[in-house]
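# Examining the three-dimensional arrangement
One letter stands for each residue in the lines below.
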Amino acid sequence: MIKQFTVITLFPEFISDYMKIGVVGSAVDKGIIKLNLIDLREFSTDRNGRVDDSSYGGGPGMVFSVEPVRAAIKKAKTDSNMHSHVMYMSPQGGRFDQSAVKDLRDLDHIIILAGRYEGIDQRLIDQDVDSEWSIGDYVLSGGELPSLVVIDAIARTMPGVLGSDESAKNDSFADGLLDFSHYTRPAVIDDERVPEILISGNHGAIARWRRKNALGRTYVGRPDLLSDKFLSYDDRELLKEYLQENGLL
Ligand SMILES: C[S@@+](CC[C@H](N)C(=O)[O-])C[C@H]1O[C@@H](n2cnc3c(N)ncnc32)[C@H](O)[C@@H]1O
């Protein structure tokens, strides 16, 4: 089934340029995802094309007004025959992580609202937005980069988007671990050697090495990921082995 994304933004070209390249570009070309862009400016009710106004109570910074954003959302919904979910990208939203990707990837049509300035009128968040998402605890100047983050992260989990569906299964966070280390030719550079097992052709031994490496790297780099993850007896033994081999135990 095609997944539709509509981005409501003041800078549609920012989104369209990125959507032409790489994995996401080929997902669009293959018809696995469909992208609609809505230029918020077209919904201005002001003859100067303004879509924002000052914040009640005073202070610097402008706020997206209710009317143009609401009209743009209505247009996005009526242009699609699918069930729509409206997301607002915001530093105040829930954390957009791989488990959010898993939840959101089953939605048919995702409308993403990219804010600017101080953000959007609270009444839009209360009445028109279904979910609010943050890509991290920092403040960017606009919601375009976050929108692309959402589209890219969801697109690469869709069947047929990556060259091999195995890649996404092994990606960091897919099963709560970081990805294992990757090496490519040449096998030796000066005195730096690729681990022997990886060039042994023994698939069982390679899978075991990769699991051990993923467990060890997660333990060292992101121990928080392991704090509520169930590890089987075999995983615990592999992790112990990794720590011993690396002088960490
Ligand atoms: C300058 S920010 C507004 C920040 C807002 N005044 C605040 O402090 O929460 C402008 C827009 O960028 C987007 N944005 C900025 N940082 C973001 C983040 N970490 N995650 C998602 N969107 C973000 C949002 O769409 C936001 O409306």
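Computed from a predicted model, the values in this text were never measured in an experiment.

Counting secondary structure elements, the protein chain contains 10 helices and 9 strands. Here the C-alpha radius of gyration of the protein chain, 23 Å, is well above what a compact globule of 249 residues would show, namely 18 Å. Its C-alpha atoms put the protein chain at 70 × 40 × 35 Å along the principal axes. Each of the 249 residues in the protein chain was classed as buried or not, and the buried ones make up 27%.

Another point: helix α8 (residues 203-221). For α8, spanning 19 residues, the distance from its first C-alpha to its last is 26 Å, which sits close to the expected 27 Å at 1.5 Å a residue. Of the residues making up α8, those classed as buried are Trp 209, Lys 212, Asn 213, Ala 214, Leu 215, Gly 216 and Thr 218. In this structure, the buried side of α8 is in contact with α9 (223-226) and α10 (233-245).

With that settled, consider the sheet that holds strand β2 (residues 33-39). Read from one edge to the other, the open sheet built from 5 strands follows the order β2-β1-β6-β5-β7, with strand pairing classed as parallel. Every interior strand has two partners, whereas the edge strands, β2 and β7 (131-134), have only one. Ignoring strand direction, the axes of neighbouring strands in this sheet form an average angle of 30 degrees. Pairing between strand β5 (residues 84-95) and strand β6 (residues 109-114): 6 bridges, direction parallel. Across the sheet, the residue bridging to Met 89 is Ala 114, located in β6.

So, about the environment of Tyr 117. Within the secondary structure, Tyr 117 is located in the loop between β6 and α5 (122-127). Here the alpha-carbon distance between Tyr 117 and Gly 176, two residues 59 residues apart in the chain, equals 35 Å. With near-sequence residues (within four places) excluded, Tyr 117 lies in contact with Asp 52, Gly 61, Met 62 and Val 63.

Now for the site of the ligand. Around the ligand, the surrounding shell holds 19 residues, and the nearest of these are Met 89, Gly 115, Gly 119, Gly 143 and Pro 146. Among the elements that line the shell around the ligand, the one with the most residues is β5, at 4 residues. Of the residues that constitute the shell around the ligand, the class distribution is 8 nonpolar, 9 polar and 2 charged.

Next up on the list: the pairing of β6. For β6, the buried fraction is high: 6 of the 6 residues fall into the buried class. Across the two faces of β6 the burial is the same, with His 109, Ile 111 and Leu 113 and Ile 110, Ile 112 and Ala 114 all buried. As defined by bridge partners, strand β1 (residues 3-9) adjoins β6 across 5 bridges and the pair is classed as parallel. Residue pairing in the sheet places Val 7 in a bridge with Ile 112 of β6. The β-α-β motif built from β5, the intervening helix α4 (residues 98-104) and the parallel element β6 has right-handed crossover chirality.

With that settled, consider the packing of α8 against α10. Contact geometry of α8 with α10 gives a least axis separation of 8 Å together with a crossing angle of 70 degrees. Judged by the angle between their axes, α8 and α10 are roughly perpendicular. Touching Arg 211, Lys 212, Asn 213, Leu 215, Gly 216 and Tyr 219 of α8 are Asp 235, Leu 238, Leu 239, Glu 241, Tyr 242 and Leu 243, all from α10. Split into classes, the residues belonging to the contact of α8 with α10 amount to 6 nonpolar, 2 polar and 4 charged.

What follows is about unusual backbone geometry. The omega angle of the peptide bond from Arg 185 to Pro 186 is 0 degrees, so this bond is cis rather than trans. Backbone geometry at Tyr 117 places phi at a positive 55 degrees, although glycine is not the residue there. In this structure, Phe 173 is a non-glycine residue whose phi angle is positive, near 75 degrees. Looking at where Phe 173 falls in the secondary structure, it is placed in the loop between α7 (165-170) and β8 (188-189).

Right, let's talk about the nonpolar core for a bit. Core analysis: the biggest nonpolar cluster contains 39 residues, and Ile 8, Val 69, Ala 72, Met 87, Ile 111, Ile 112 and Leu 113 have the highest contact counts within it. Counting only elements with at least two residues in this core, the list comes to β1, α2 (22-29), β2, β4 (62-64), α3 (66-78), β5, β6 and α6 (144-155). The element best represented in this core is α6, accounting for 6 residues. With sequence-adjacent residues up to four places away left out, Ile 112 is seen in contact with Phe 5, Val 7, Met 87, Met 89, Ser 147 and Val 150. Core analysis: the next-biggest nonpolar cluster, separate from the first, contains 7 residues, Leu 177, Leu 238, Leu 239 and Tyr 242 among them.

The rules behind each value
- Counting restarts for each chain: residues are numbered from 1 in the order of the written sequence.
- Selection of residues for local features in this predicted model requires a pLDDT of at least 70, selection of side-chain atom pairs for listing and counting requires 80 or more, and totals for whole chains, interfaces and linings are taken over all residues.
- Strands here mean DSSP runs of E at least two residues long; helices mean DSSP runs of H or I at least four residues long; both are numbered from the N terminus.
- C-alpha atoms define the radius of gyration in this analysis, and the globule rule sets the expected value at 2.2 Å times the number of residues to the power 0.38.
- Here exposure depends only on C-beta density: within 10 Å of a residue's C-beta, 20 or more other C-beta atoms make it buried, 12 or fewer make it exposed, and intermediate numbers make it partly exposed, the C-beta atoms being placed from the backbone.
- To estimate how far a helix should extend, the number of its residues minus one is multiplied by 1.5 Å.
- Two residues qualify as a contact pair if the distance between their C-beta atoms, derived from the backbone, is within 7 Å.
- Two strands qualify as a pair provided DSSP detects at least 2 bridges between them.
- The axes are straight lines fitted to the C-alpha atoms, using for helices just the contacting stretch, and the angles between their N-to-C directions are given from 0 to 180°.
- Near, as applied to residues and a molecule or strand, means the residue's backbone-placed C-beta atom lies within 6 Å of it.
- Asp, Glu, Lys and Arg are counted as charged, while Ala, Val, Leu, Ile, Met, Phe, Trp, Tyr, Cys and Pro are counted as nonpolar; the rest, among them Gly, fall into the polar class.
- The handedness of a crossover follows from its direction of travel: if, with the strands pointing away from the viewer, the path from the first strand over the helix to the second runs clockwise, the crossover is right-handed.
- For this classification, under 35 degrees means roughly parallel, over 145 means roughly antiparallel, 65 to 115 means roughly perpendicular, and everything else is oblique.
- We define the nonpolar core as any set of buried residues of the types Ala, Val, Leu, Ile, Met, Phe, Trp, Tyr and Cys, connected via C-beta atoms lying within 7 Å of each other.

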